[in-house]
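# Structural overview for review
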Amino acid sequence: GAQLFKADLTDKLVVGTLLKLWAHNDVTDQWDDITGAAVLTTGNGDFWNFCVAADTVIITNGKNGIYKWAWTGDMAVLAGSPPTYAKDCLFFTNHLCVYGTNSSPQRVAWPDLGTIEGWATGTYGDEDAGGEDEILKAIHHRGNVLIAKRRSFVEQTYIGGNRVFRFDVVEPAHGTIAGKSVVSLGASV
């Protein structure tokens, strides 16, 4: 689960189980089912990842669709023809980035600048993040994004223009088998 914040610093606790997603209701002090009509087919090891982009919660786990939740009601499938699924998500330099997509486990994809559903216009794009090994986690680190893969670590840097991001392998000899264990500790990981 995660504690998520809107731009106005309103926060919400959101958690996922194998078959449901839940948001904490601060008024009733209960957990509200936000799954709605989504049919989730998760298993052990299909960890939910959450991020906030354009004041909308983005939810993904590498197996089911990429979902959005607008802080009330039920979640819905992200529109605008995004990848079918992704392992992780982050909001970076006003771009929603999704990692480890259905088209390639080493691929990063993003919609148009400042949108969450502009997957066919403007600065949208996708690119492999160095090498053939699978992306397991992406974290904010020292002003960029560090992408943890099975056999390497890759730094994602915003460069703007038509290419938008640059991907540099910063550790070619070591990766991780446990993506959730990768955290930023200031200057180190």
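A brief report on the enclosed structure follows. (Residues numbered from 1 in each chain as written. Predicted model: local features only at pLDDT ≥ 70, side-chain atom pairs only at ≥ 80, totals over all residues. Heavy atoms only, no water.)

## What about the side chain of Asn64?
Inspection of the secondary structure assignment puts Asn64 in the loop between strand S6 (56–60) and strand S7 (67–69). The residues touching Asn64, leaving out its near neighbours within four places in the chain, are Val39, Leu40, Thr41, Thr42, Trp48, Thr84 and Tyr85. (Helix = DSSP H or I, 4+ residues; strand = E, 2+ residues; numbered from the N terminus. Contact = heavy atoms within 4.5 Å.)

## Here we look at the pattern of salt bridges
One pass over the full model with this rule turns up ten salt bridges. A salt bridge links Lys68 to Glu117; its shortest N-O distance comes to 2.8 Å. Of this pair, Lys68 sits in strand S7 while Glu117 sits in the loop between strand S11 (104–110) and strand S12 (125–128), placing them 49 residues apart in sequence. The class of Glu117 is partly exposed, set by a relative accessible area of 27%. When the shortest N-O distance is used, the salt bridge between Glu134 and Lys87 registers 3.0 Å. Of this pair, Glu134 sits in the loop between S12 and strand S13 (135–141) while Lys87 sits in strand S9 (residues 86–92), and the two are 47 residues apart along the sequence. Here the salt bridges share partners, and the residues they tie into one network are Lys87, Glu134 and Arg150. (Salt bridge = Lys/Arg side-chain N within 4 Å of Asp/Glu carboxyl O. Buried < 20%, exposed > 50% of the residue type's maximum accessible area, 1.4 Å probe, protein only.)

## Focus: the packing of aromatic side chains
Two aromatic rings, taken as a pair, are described by how far apart their centres are and by the angle between their planes. Taken as a whole and assessed by the stated rule, the structure comprises four aromatic pairs. Centroid distance Trp69 to Trp71: 6.1 Å. Interplanar angle 35°. Geometry classified as tilted. Both residues of the pair, Trp69 and Trp71, count as buried. Plain terms: the ring middles of Phe92 and Phe165 are 5.7 Å apart, the flat faces sit at 20° to each other, and that makes the pair stacked. Placement of Phe92 in strand S9 and of Phe165 in strand S16 (residues 164–171) is noted, with a sequence separation of 73 residues between them. Since its relative accessible area comes to 5%, Phe92 is described here as buried. The rings of Phe92, Trp110, Tyr158 and Phe165 are connected pair by pair, giving a single aromatic cluster. (Phe/Tyr/Trp six-rings, centres within 6.5 Å; stacked < 30°, edge-to-face > 60°.)

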